[in-house]
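Residues per chain are reported as follows:
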Amino acid sequence: MGEIRVEAGPGTTLVRLVGEIDVALREQASLSMATALTADAPIVVDATEATFVDSSGIAFVMQMKRAADEARMDLSLRDPGRVLRDVLEMIGAGSLLRDADEVAAAV
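The sections below set out a description of the structure shown in this document.

### Description of the side chain of Thr 13
Within the secondary structure, Thr 13 is located in strand S2 (residues 12-21). Setting aside its immediate chain neighbours within four residues, Thr 13 contacts Val 6, Glu 7, Ala 36, Ala 39, Ala 41, Pro 42, Ile 43 and Val 44.

### Notes on the side chain of Ser 32
Mapped onto the fold, Ser 32 is located in helix H1 (residues 26-38). Here Gln 28 takes part through its backbone oxygen, which lies 2.8 Å from a polar atom of the side chain of Ser 32. Those residues in contact with Ser 32 that lie beyond four places of it in its chain are Ile 4, Val 6 and Phe 60.

### Focus on the layout of surface pockets
Size it by volume and the largest pocket reaches roughly 190 Å³. If you trace the largest pocket, you find 14 residues lining it, with Arg 26, Ala 29, Ser 56, Phe 60 and Gln 63 closest to the centre. Grouping the constituent residues of the lining of the largest pocket by class yields eight nonpolar, four polar and two charged.

### Quick notes on the environment of Ser 95
Following the sequence through the fold, Ser 95 ends up in the loop between helix H3 (85-90) and strand S5 (98-99). Separated by ten residues in the primary sequence, Ser 95 and Arg 85 have C-alpha atoms spaced 9.4 Å apart.

### Concerning helix H2 (residues 55-70)
Its 16 residues place the ends of H2 22 Å apart at the C-alpha level, agreeing with the 22 Å of an ideal helix rising 1.5 Å per residue. Within the span of H2, buried status applies to Gly 57, Ile 58, Phe 60, Val 61, Met 62, Met 64, Lys 65, Ala 67 and Ala 68. Among the structural elements, strand S1 (2-9), S2, H1, strand S3 (43-53), strand S4 (75-78) and H3 are those in contact with the buried residues of H2. Directly beyond the C-terminal end of H2, a positive phi value near 55° is found at Arg 72.

### Re H1
With 13 residues, H1 should reach 18 Å at 1.5 Å per residue; the first-to-last C-alpha distance of 19 Å fits that figure. Listed as buried for H1 are Ala 29, Ser 32, Met 33 and Ala 36. All buried residues of H1 lie within an arc of 105° about the axis, which places them on one face of the element. Pointing more than 90 degrees away from the buried face of H1 are the exposed residues Glu 27, Leu 31 and Thr 38. Buried positions along H1 lie against S1, S2, S3 and H2. The positive-phi residue at the C-terminal boundary of H1 is Asp 40, with phi of around 55°.

### A word on the sheet that holds S5
Within the open sheet, the five strands sit side by side as S1-S2-S3-S4-S5. Their pairing is mixed. With one partner strand each, in any of the chains shown, S1 and S5 form the two edges of the open sheet. In the sheet, S4 pairs with S5 via two bridges, with the strands oriented parallel. In the sheet register, Ser 76 faces S5, and the bridge partner there is Arg 98. Most of the contacts of H1 go to S1, to which it runs at about 10°, and overall it touches S1, S2 and S3.

What counts and what doesn't
Starting afresh in each chain, residues are numbered from 1 along the sequence in its written order. Only residues with pLDDT of at least 70 get local features here, since the model is predicted, and only at 80 or more are side-chain atom pairs given and counted; chain-wide, interface and lining totals rely on the full set of residues. As a rule here, side-chain values come from all non-hydrogen atoms in the structure, and water together with hydrogens is ignored. Runs of H or I in DSSP of at least four residues are treated as helices and runs of E of at least two as strands, each being numbered from the N terminus. Whether two residues are in contact is decided by their heavy atoms, any of which lying within 4.5 Å being enough. Here a polar contact is recorded for every N or O atom pair within 3.5 Å, except that within protein the pair must consist of a potential hydrogen donor and a potential acceptor, and residues adjacent in sequence are included only if both atoms are side-chain atoms. A cavity here means a set of 1 Å grid points, computed over protein atoms only, where a 1.4 Å probe fits but cannot escape. A pocket is an open set with protein on both sides within 12 Å along at least 5 of 7 lines, and lining residues have an atom within 4 Å of a point. Grid points are joined across faces, edges and corners, and a volume is the space filled by probe spheres set on the points. Polar here means any residue other than Ala, Val, Leu, Ile, Met, Phe, Trp, Tyr, Cys and Pro, which are nonpolar, and Asp, Glu, Lys and Arg, which are charged; Gly is therefore polar. Helix span, expected: 1.5 Å multiplied by one less than the number of residues in the helix. Residue exposure (1.4 Å probe, protein chains only): buried if accessible area is under 20% of the type maximum, exposed if over 50%, otherwise partly exposed. Along the arc lie the directions from the helix axis toward the C-beta atoms. By definition, two strands form a pair when at least two bridges between them are found by DSSP. An axis is simply a line fitted to the C-alpha atoms; with a helix, the fit covers only the stretch in contact. Between two such axes, the angle follows the N-to-C directions and lies from 0 to 180 degrees.

Right under this line is the structure:
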């Protein structure tokens with residue numbers, strides 16, 4: 001089972017991917033995206049607790065990135081286990097999402 005949680009923090013909106021991120025979370029993904037994009041803060045997609053991400057999970061992240069870009073919002077990815085990052089790199093999209101930890105270190 002998986003879950004997508006949106007947590008508003010000080011100056012950041014955290015979108016947590018927990019467990020298995022797959023097609024069963026489609027409705028939750030839509031609600032999470034809408035919530036994150038209306039928070040008006042930089043978005044961090046945190047895949048620290050993700051154990052699996054299928055193509056619908058990849059599509060969710062890419063749609064979040066596109067929508068954030070259109071709204072002129074910053075979006076970065078925290079994925080120390082590289083569950084999501086490795087797949088993004090395999091499909092040629094790895095460079096589209098900045099590493100959240102590198103962004104935080106630069107501030």
